[in-house]
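# Summary of structural features
Below, each chain spelled out in residue letters.
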Amino acid sequence: MKVLVADDDIVIQSLLKNILTDWNYHVLLAKDGLQALQLAEDNPDLQLFIVDWSMPWLDGLAFCQKVKKRDRFAYFIMISGRSGTDNLVAAMDQGVDDFIVKPLVAEELRVRLRVGKKIIEQERRLSYLAQYDELTGIWNRRMVLQWLQNEWIRSQREKTCLSILFIDLDHFKQINDVYGHLVGDEVLRHFCTTVSQQLRPYDYFGRYGGEEFILVLPNTEIQGADVVAERIRKVVQENPLKLDAQRKLSYTVSIGLTVKSAEDTDVKSLIQRADAATYQAKQQGRNRVATLITE
Ligand SMILES: Nc1nc2c(ncn2[C@@H]2O[C@H](COP(=O)(O)OP(=O)(O)OP(=O)(O)O)[C@@H](O)[C@H]2O)c(=O)[nH]1
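Keep in mind that this is a model prediction, so the values were computed, not measured. (Residues numbered from 1 in each chain as written. Predicted model: local features only at pLDDT ≥ 70, side-chain atom pairs only at ≥ 80, totals over all residues. Heavy atoms only, no water.)

## Regarding the sheet that holds strand S6 (residues 162-169)
Under the convention used in this document: Only strands that DSSP links by at least two bridges are regarded as paired with each other. The numbering of helices and of strands both runs from the N terminus, where a helix is a DSSP run of H or I of at least 4 residues and a strand a run of E of at least 2. Axis lines are fitted to C-alpha atoms, over the contacting stretch for helices. Their N-to-C directions set the angle, which ranges from 0 to 180 degrees. Working rule for contacts: check all heavy atoms of both residues, and any pair within 4.5 Å makes them a contact.
Read across the open sheet, the 5 strands follow the order S7-S8-S6-S11-S12; overall the sheet is mixed. Every interior strand has two partners, whereas the edge strands, strand S7 (204-209) and strand S12 (289-291), have only one. Neighbour-to-neighbour, the strand axes of the sheet open up by a mean angle of 20°, direction not taken into account. Where S6 lies against strand S11 (residues 253-259), 7 bridges are found, and the strand directions are antiparallel. Paired with Leu165 across the bridge in S11 is Leu257. Contacting S6, S7 and strand S8 (212-218), helix H6 (residues 141-158) runs over the sheet at an angle of about 130° to S7.

## What to know about a nonpolar patch on the surface
What counts, and what does not: Note on patches: the residues involved have over 30% relative accessible area and no salt bridge, like charges join within 9 Å, and the nonpolar side chains Val, Leu, Ile, Met, Phe, Trp and Tyr join within 5 Å. The method behind every accessible area is Shrake-Rupley, applied with a 1.4 Å probe, and residues are considered shielded solely by the protein chains displayed. Throughout this description, the term salt bridge denotes a Lys or Arg side-chain nitrogen within 4 Å of a carboxyl oxygen of Asp or Glu.
There is a patch of nonpolar side chains on the surface, built from Leu88, Val89 and Met92 and spanning about 210 Å² of accessible area. As for its position among the elements, Met92 is in helix H4 (residues 85-93).

## Overview of the UniProt feature "modified residue: 4-aspartylphosphate" (unreviewed entry) in the chain
To keep it simple, the criterion reads: UniProt positions are given in the numbering used here, feature names are shortened, and annotations may be inferred rather than shown by experiment. Each residue is assigned to one of three classes by its accessible area relative to the maximum for its type, calculated with a 1.4 Å probe on protein chains only: buried under 20%, partly exposed between the two thresholds, exposed over 50%.
As annotated in UniProt, the feature "modified residue: 4-aspartylphosphate" (unreviewed entry) corresponds to Asp52 in the numbering used here. Tracing the backbone shows Asp52 in strand S3 (residues 48-52). Judged by relative accessible area, Asp52 falls into the buried class, the value being 6%. The residues touching Asp52, leaving out its near neighbours within four places in the chain, are Ala6, Asp7, Asp8, Gly60, Met78, Ile79, Ser80 and Lys102.

## Thoughts on the pattern of salt bridges
Between side chains of opposite charge, a pair can form as their charged atoms come close. Summed over all chains, the structure comprises 21 salt bridges. Across the pair Arg112 and Glu108 runs a salt bridge whose closest N-O atoms are separated by 3.0 Å. Of this pair, Arg112 and Glu108 both sit in helix H5 (residues 106-131), 4 residues apart, which is roughly one turn of that helix. When its relative accessible area of 25% is taken as the criterion, Arg112 is described as partly exposed. One salt bridge in this structure joins Glu238 and Lys234, with 3.6 Å as the shortest N-O distance.

## Observations regarding the nonpolar core
Put simply, the test is: As used here, the term nonpolar core means buried Ala, Val, Leu, Ile, Met, Phe, Trp, Tyr and Cys residues forming a set that is joined through side-chain atoms within 4.5 Å.
Core analysis: the biggest nonpolar cluster contains 30 residues, and Leu165, Ile167, Phe191, Phe205 and Ile232 have the highest contact counts within it. Sorting the residues of this core by element identifies S6, helix H7 (172-179), helix H8 (181-196), S8, helix H9 (222-238) and S11 as the ones contributing at least two each. Among the elements that take part in this core, H9 stands out by supplying 6 residues, more than any other. In this structure, Phe191 is in contact with Ile167, Leu169, Phe205, Phe213, Val236, Tyr251 and Val253, ignoring residues within four places of it in sequence. Among the nonpolar cores identified, the runner-up in size contains 24 residues, and Leu37, Phe49, Cys64 and Val96 belong to it.

## A closer look at the site of the ligand
Definition in use: Throughout this document, a residue counts as near a molecule or strand when at least one of its heavy atoms sits within 4 Å of that molecule or strand. A 3.5 Å cut-off defines polar contacts: any pair of N or O atoms within that distance qualifies, except that in protein one atom must be a possible hydrogen donor and the other a possible acceptor, and neighbouring residues in sequence count only when both atoms are side-chain atoms.
Lining the immediate surroundings of the ligand are 17 residues, of which His171, Phe172, Asp185, Arg207 and Lys282 lie closest. At 2.8 Å, a backbone N or O of His171 approaches an oxygen atom of the ligand. If the ligand stood free it would expose 670 Å²; the protein chains cover 67% of that surface. At the level of secondary structure, the elements contributing two or more residues to the shell around the ligand comprise S6, H7 and H8. It is H8 that contributes the most residues to the shell around the ligand, 4 residues altogether.

Printed below as a string of structure tokens:
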């Protein structure tokens, strides 16, 4: 893991560099707050910081506040000569996550870093789970509906088209029943990889629930959405999941397509129509695209 050490004391810098390197950290060194800020900007993956309080140009607290504005998950350990509860409280109230009083004891730093790393990892995980579906890695329901809402507002403002597809795997219960849930999960992952390869960077593909998926197509009118839907239907049908060297599992999808119209007052009506279109596709025999639009 990368760690940035910002301290104007060369002796402390080199001491920290040595012990942190021994503990397998990748160490970046800064001699003042401005240099530290530049390193933080150049290394967006940097989340762990060890900073001195008093430094030229920009002190440790101001540096911490600037970084946290950009990345609220950044973790700051302040090492300072300012002892006493008042200083600890002031520093931690203003944003640092931990506070160590000099003289530095290596073992104390080691255990405090361990806590910092654990918090960073847990926050990363929580942030991932808040946005993505754990099984398939695509947007989760909350996020894809959020993107749909954003695109709805944009299409209102810019008077552009907005299409959505509801994609539902056919007879998925049967796949689970015959091959087991683990293979069912594998089919869901395989399906998401297959579809993701067909999309433009600005399309939003998310898991709506179970074996139901939603694809938001900004700036896309009905003809374009129909081409995308047919392409997905076909590519899924033609790309079975390989179970082993001999066996392949073929599966299909039913797709409901709709386009935002002047009559739609919110995203709810759009979702309801796409859902109804999917139902039609199922009724008509599955492995097909059904379109529902308002006049
Ligand atoms: N393996 C696996 N199965 C899931 C998951 N989520 C939902 N399912 C299963 O998906 C199945 C959906 O079944 P149904 O709603 O009856 O739909 P279907 O069998 O696909 O039938 P049609 O949609 O009418 O073609 C259920 O058996 C659920 O248990 C999941 O994450 N993993």
